[in-house]
Amino acid sequence: MKLVKKHQLVLLTSLFLILWNFSASAQYVNTKIKTKHEAYIDSLKQVEYNYVFPILGQGAYRKGFDIPYPAGLMANYMWLRQNLIFDNMKLGIKTDEIDIPLTDVDFIEFGENINTSHAFNVRPDLWILPFLNVYGIFGGGQSRTEVNLTAPIPLYSNVEQGLRTAGIGIMGAGGIGPVWFSVDANFTWSKPDLLDKPVQVNVLGIRLGHTFKFKHKPERNFAIWGGAMSMQMNSDTSGEILLIDAIPPETWEKKDELVTNYYDWYNNEATPPQKIVADKVLTPIVERIDAADGSTIIRYGMDKQVQERWNGTIGGQFQLNKRWMFRSEAGLIGNRKSILVSVNYRFLL
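Quantities reported herein were computed from a predicted structural model and do not represent experimental measurements. Per chain, residues are indexed from 1 in the order of the written sequence. It should be noted that, the model being predicted, local features are given only for residues of pLDDT at least 70 and side-chain atom pairs only at 80 or more, the latter also being counted only at that level, while totals for whole chains, interfaces and linings use all residues. Excluded from the side-chain calculations are hydrogens and water; all other atoms, namely the structure's heavy atoms, are used.

### Focus on the packing of aromatic side chains
Put simply, the test is: When two rings of Phe, Tyr or Trp (its six-membered ring) have centres within 6.5 Å they constitute a pair, described as stacked for plane angles under 30 degrees, edge-to-face for angles over 60, and tilted for the intermediate range. The secondary structure listing takes helices from DSSP runs of H or I that are at least 4 residues long and strands from runs of E that are at least 2 residues long, numbered from the N terminus. Using a 1.4 Å probe on the protein chains alone, a residue whose accessible area is under 20% of its type maximum counts as buried, one over 50% counts as exposed, and one in between counts as partly exposed.
Applying the stated criterion across every chain, the model contains 11 aromatic pairs. On the basis of an interplanar angle of 25° and a centroid distance of 5.6 Å, the ring pair of Phe107 and Trp265 is categorised as stacked. Residue Phe107 is found in the loop between strand S2 (99–104) and strand S3 (109–110), and its partner Trp265 is found in helix H6 (residues 255–268); the two are separated by 158 residues along the sequence. By the burial criterion, Phe107 is buried, and Trp265 matches it. Seen from their ring centres, Phe214 and Phe318 are 6.1 Å apart, and the 65° between their planes marks the pair as edge-to-face. Of the two residues, Phe214 sits in strand S8 (residues 199–214) while Phe318 sits in strand S12 (residues 310–319), which places them 104 residues apart along the sequence. The class for Phe214 is partly exposed, based on a relative accessible area of 35%. Look at Phe318 and you get partly exposed, because its relative accessible area is 27%.

Okay, structure coming up:
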């Protein structure tokens, strides 16, 4: 797969070879070491596993592993807040009178930029092997990006837009005694309303946890875990937005101050090369702001990336039975904060 980088292929291949030696899933534990479940485990060993997936399911039962039902459908809600870094800014403008293509404006500087997203998705999945799960992601949501320009003039922009998401993922899992681990990689493409093309996001999750069984109900359990999540996105972003949508109402109310600050910079601080660029694209934009013309179309392009690639996570899951599971996970460490809640229904296949 071209979208999977070389180091990611090495990681997934190594993971597969390691997990081949374990035969345990992140959603269950080797309960053979728990004598109070011996009767339940012995009954599993006698089960004739007549289903297609997971492959090697019969072998897992014979070893006493209570594998989950192979197929599932998970519904998720996620809230995410993180800092972004913008670089290599380009601007253009389109009105009835002028049409300026994207132009490099390399002297624009940014302060703190924050993205907040609310996303809903469904995730069908299948355990191909007792330790290898594949899944798809389909959904949508709402995204809000707060952009703070610090130079050549202070300017705050707040852009809200809907988005649609689709993707694929793979998870490997294993267990050593009472502890389980999982490595989860997914690749999604989100299409915000105002961007020309989808944004590719690659997420890698690593988790280490333990599952507590209910004494009198072997199919019921509660799992807790801690881990880390890495996120990367493709950096090239471009799109168009109406000027009225790019600048919040409170900034429009202070447009005279913004225009004054711009011409102060232009007349007193801008270098000759900066003035050439400003005359081409910045000054026409400021003139549209001065005229309160919100119908002007602003073209933009930039390199965008998350400020911190890794953050820490903690989570838990309650399994009511082998069909219904309820899960929550939170990202707490680092400037990326997130909350995930989900419900999972599983069935035989």
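### Side note on the layout of surface pockets
As a reminder, the rule being used: Using only the protein atoms, space was sampled on a 1 Å grid; points where a 1.4 Å probe fits but cannot get out form cavities, open sets with protein on both sides within 12 Å along at least five of seven lines form pockets, and lining residues are those with an atom within 4 Å of a point. Grid points are joined across faces, edges and corners, and a volume is the space filled by probe spheres set on the points. Ten residue types, Ala, Val, Leu, Ile, Met, Phe, Trp, Tyr, Cys and Pro, are classed as nonpolar, four, Asp, Glu, Lys and Arg, as charged, and the remainder, Gly among them, as polar.
Here the largest pocket defines a volume of roughly 170 Å³. Surrounding the largest pocket, Pro154, Leu155, Tyr156, Glu250, Thr251, Lys254, Glu257, Leu258 and Asn261 form its lining. Secondary-structure elements contributing two or more residues to the lining of the largest pocket are strand S6 (155–176), helix H5 (249–252) and H6. The leading source of residues in the lining of the largest pocket is H6, at 3 residues. When the residues that make up the lining of the largest pocket are grouped by side-chain class, the tally is 4 nonpolar, 2 polar and 3 charged.

### Points about the confidence of the model for the chain
For clarity, the cut-off: Per residue, pLDDT measures the predictor's confidence, with a range of 0 to 100. Contacts are assigned to residue pairs with any non-hydrogen atoms lying within 4.5 Å of each other.
Per-residue confidence for the chain averages 87 on the pLDDT scale, and 86% of its residues sit at or above 70. Predicted confidence is poor over residues 1–35, with pLDDT under 50, and the contacts of this stretch with residues over four places away or in other chains come to 75 contacts.

### Quick look at the pattern of salt bridges
What counts here: Any carboxyl oxygen of Asp or Glu within 4 Å of a side-chain nitrogen of Lys or Arg constitutes a salt bridge here.
Across all of its chains, the model carries 11 salt bridges by this definition. One salt bridge connects Asp193 with Arg164, and the closest N-O pair in it is separated by 3.7 Å. Here Arg164 lies in strand S6 and Asp193 lies in the loop between strand S7 (179–192) and S8, a separation of 29 residues in the sequence. With a shortest N-O distance of 3.3 Å, Asp256 and Lys255 are connected by a salt bridge. Ionic contacts of the salt-bridge type, sharing partners, join the residues Asp99, Glu240 and Arg299 into one network.

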